[in-house]
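Observations on the model geometry
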Amino acid sequence: MNTHPETAQENPPERGTAFDLVLGDDGIAVITVDVPGERMNVLKGEMVREANALLDTLDEQPALRGVIFTSGKADNFIAGADVHMLAACETAEAARELARAGQRLFDRLEAFAKPVVAAIHGTCLGGGLELALACHGRVATDHPATRLGLPEVQLGLLPGSGGTQRLPDRVGLPLALDLMLTGRQLRARQARKRGLVDDLVAPPILLGAARELIHELAGQRRQRPKRPLATRLLENNPLGRRLVYRQSERTVQAKTHGNYPAPPRIIDAVRAGRERGRQVGLETEGRHFGELAMTPEAQALMGLYFATTALKKDSGTDAGADPRPVRRVGVLGAGLMGAGIAYVTSAKAETPVRLKDIALEGLNSGMRHINGEIHARKKRGALTDFEATRQRTRVTPALDYRGFTALDVVIEAVFEDLELKHRMLADVEAHGPEHVIFASNTSSLPISEIAAGAQRPERVIGMHYFSPVEKMPLLEVIATNRTAPEVIATTVALGRAQGKSVIVVRDGAGFYVNRILAPYLNEACRLLQEGVAIDHIDRTLVRFGFPVGPFALLDEVGLDVTEKVAPILHRAFGERMTPVDVGERMLADGRKGRKSGKGFYRYDRKRGKGGRPVDEGVYRLLGVTPHAELSAEEIIDRTVLPMINEAVRCRDEGIIRCERDGDIGAVFGIGFPPFRGGPFHYLHRCGEGNVAARLQALAEAHGPRFTPAPSLQGQG
């Protein structure tokens, strides 16, 4: 802790403490939070003691008129608690005491005799928002980097330092529950509209606005805005509150199927505080926090957090190469994939894009798609008119290769045809600069085959996006044995700028994600052929934790797409990847899935409460009568264990660089249940010997496609 008069503000404070206190001549103390050695401010255990000492010091200042909390970081206020500190807790009691220490500090802050204001710029999440809620006022910057939320549920936890009690007081019960149960964040303007912050200002005048708010609070001139009448009617009577709790519980159950223990306990902590008083609510919150920190779900989710954090610092290559600057990007093909890639490049990476197509109609369609995404964000209040215009002008359409001499990276998203991709590569090498990187978005063709005719094969790489590009968080970067390390590092950096979690995989049939997905989908189709109902299989795997079942996924991806990958995998891996003929027969009947209006499910009627109805015509087409009564355990073993087995093979063959990348690829690429941590986390939790034994039993019952990977048999 550093304390010094305002005149000493130009001198850098001693490091080693997270807080810097400056008491100005106007009687207002400014406490700057700047955790040493961290890019983001995170709350650590020792900071509670330091903050209490600060408040002790301020209690002794007779001329004190108010306190401002602000950040010394460039783009964040406080990003939450230090997750390493939480993961290090060995008992529920230790985790509970962390929560109680935070509760006591924020209770003291809330009861402070002088006005306390949080001056927020950038990320304000978790414990950072709990601190801000304990203050008497909040001023935030009207800046894209400013976001507020309580995302602890995404780590399998709940807000443990009073958030479950103060957020409903501030924004109302329905919105508070929604924010805590989903972990979603509010942008600055949304936070102001919902009453979470009092004022919104430009970054340069943040501290000035905070000082003004202190004067208003001290003079009791600031009136708290009224919440909407409907919210007040719900909250101000026991029946209304019960309706809110019940609806939240129903929504949680429908979304999580009971797989996540944190959401019900969030509701319980909120209910305890609203119905039995703040103190009971805090006690309930602290107890639940301690218990949740010890659950396997929290351990898995925190493991994913550590994995994604580490991935952000990984260049994707062990050669120590630095990425080249990417100032302009070209995209070939203005279909849904190409337009999506152009959008994330222009909107998130803020990089100019040249979008080329061979047909004016296709180009217009792609530009409409991009404009639609920008308009939707503007309508939600995420963009100003000026920002929306800037994003639109970053994408320029083209029917020829003019302007390609200035491009650093060109990403092709044309049809899955090797000859066509060879032509695209030759054109880019002819019209682009020598340093240009040619990246293919192929989902099935080996990158080495695409690069075979290249003049500069070291500058050819795969960038496999997932559909829809705007929403799916994963990017697979595929390197051949000739790809230059600098090219790998550059494409990884570009993908990260596009907002993606990027894993680097070695070139090979199916790469990683499609390779491990194939046996899962194939086995689901075998179960269907054996007479297990489509919706029974899908429901079982959704209850296991996948966002959709395998048949709903096939309908979404398109059977025409999956049927192109299947023979490639069969040629590469033989019997264990032998495709069943379900997809072929579906396509012969015009059933591509949602895109054709016909698939495993019906798309000619509205989705009902129980979900979309199965198209019974599929059973007649396949000559199947659904009759088999298979247990959930059998369905899970037959579909999920082959996926785990293939992931192990990918690890052993060096397709993925490490188990971390395998878990992230599966969770973010195909929706492997996050609370299970990914295929490798799940494997280790179940026990490799146990998984190997179950696979061996399946191999004896159903064939050698289930044979455990050599390393699972102790041969690695």
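Residues numbered from 1 in each chain as written. Predicted model: local features only at pLDDT ≥ 70, side-chain atom pairs only at ≥ 80, totals over all residues. Heavy atoms only, no water.

Per an unreviewed UniProt entry, the protein chain carries the name enoyl-CoA hydratase and comes from Alkalispirillum mobile. Of the protein chain, the UniProt comment under Catalytic activity (unreviewed entry) reads exactly: "a (3S)-3-hydroxyacyl-CoA + NAD(+) = a 3-oxoacyl-CoA + NADH + H(+)". (UniProt positions renumbered as here; feature names shortened; annotations may be inferred.)

The next subject is the overall build of the protein chain. If you tally the helices and strands in the protein chain, you get 29 helices and 19 strands. Relative to the globule expectation of 27 Å for 716 residues, the C-alpha radius of gyration of the protein chain, 28 Å, shows essentially globular dimensions. Principal-axis analysis of the C-alpha atoms places the extent of the protein chain at approximately 80 × 60 × 50 Å. Considering the protein chain as a whole, with its 716 residues, one finds that 55% of them fall into the buried category. Across the protein chain, every contact between residues at least 6 apart in sequence was considered, and the portion connecting residues at least 24 apart equals 72%. Accessible surface, the protein chain as shown: approximately 30500 Å² in total, 51% of it carbon and sulfur. (Helix = DSSP H or I, 4+ residues; strand = E, 2+ residues; numbered from the N terminus. Rg over C-alpha atoms; globule rule 2.2 N^0.38 Å. Buried < 20%, exposed > 50% of the residue type's maximum accessible area, 1.4 Å probe, protein only. Contact = heavy atoms within 4.5 Å. Areas by Shrake-Rupley, 256 points an atom, 1.4 Å probe, with all protein chains shown as cover.)

A few words on the pattern of salt bridges. For the structure shown, the criterion picks out 47 salt bridges. As a salt-bridge pair, Arg459 and Glu486 come within 3.0 Å of each other at their nearest N and O atoms. Highlighted residues: Arg459 in the loop between α18 (447–450) and β17 (460–465) and Glu486 in helix α19 (residues 485–497), separated in sequence by 27 residues. The salt bridge involving Glu523 is made with Arg638; its shortest N-O contact spans 2.7 Å. Linking Glu523 in helix α20 (residues 513–529) with Arg638 in helix α26 (residues 632–653), this pair joins segments that are 115 residues apart in sequence. One exposure class covers both Glu523 and Arg638, and it is buried. Taken together, the shared-partner salt bridges connect Asp107, Glu110, Arg166, Asp169, Arg274 and Arg278 into one network. (Salt bridge = Lys/Arg side-chain N within 4 Å of Asp/Glu carboxyl O.)

With that settled, consider the domain arrangement of the protein chain. Segmenting the protein chain into domains produces domain 1 (19–294), domain 2 (329–507) and domain 3 (513–712). Computed from C-alpha atoms alone, the centre-to-centre distance between domain 1 and domain 2 is 40 Å. Between domain 1 and domain 2, the residue contacts involve four residues of the former and seven residues of the latter. On inspection of domain 1 and its partner domain 2, the count reaches zero salt bridges. Where domain 1 touches domain 2, the interface holds zero residue pairs in polar contact (both at pLDDT 80 or more). (Domains from an automatic or database assignment. Polar contact = N/O pair within 3.5 Å; in protein donor to acceptor, adjacent residues only side chain to side chain.)

Here we come to the sheet that holds strand β9 (residues 147–149). In spatial order, the strands read β5-β7-β9-β10; together these four strands make up an open sheet with mixed pairing. If you trace the sheet from one side to the other, it starts and ends with β5 (76–78) and β10 (186–187), each paired once. Two elements, strand β7 (residues 123–125) and β9, share three bridges in a ladder whose sense is parallel. Among the inter-strand pairings, Thr123 is bridged to a residue of β9, identified as Arg147. (Pairing = 2+ DSSP bridges.)

Quick look at the side chain of Asp507 now. Locating Asp507 in the fold gives a position in the loop between β19 (501–506) and α20. The side chain of Asp507 is buried and forms no salt bridge, while Arg506, the nearest opposite charge, is found at 8.1 Å. Those residues in contact with Asp507 that lie beyond four places of it in its chain are Pro446, Ile447, Ser448, Ile478, Ala479, Thr480 and Ile655. (Lys, Arg positive; Asp, Glu negative; His and termini not counted.)

We now examine the sheet that holds strand β13 (residues 353–356). Within the open sheet, the eight strands sit side by side as β14-β13-β12-β15-β16-β17-β18-β19. Their pairing is mixed. Looking at which strands have only one partner, the edges of the open sheet turn out to be β14 (395–398) and β19. Adjacent strand axes in the sheet meet at a mean angle of 25 degrees, parallel and antiparallel pairs treated alike. Here strand β16 (residues 437–440) pairs with β17 via three bridges, running parallel. Note that in β17 the partner of Ala439 across the bridge is Ile461. Helix α27 (residues 659–670) rests against β18 (474–479) and β19 of the sheet, and its axis sits at about 120 degrees to β19. (Axes fitted to C-alpha atoms, helices over the stretch in contact; angles between N-to-C directions.)

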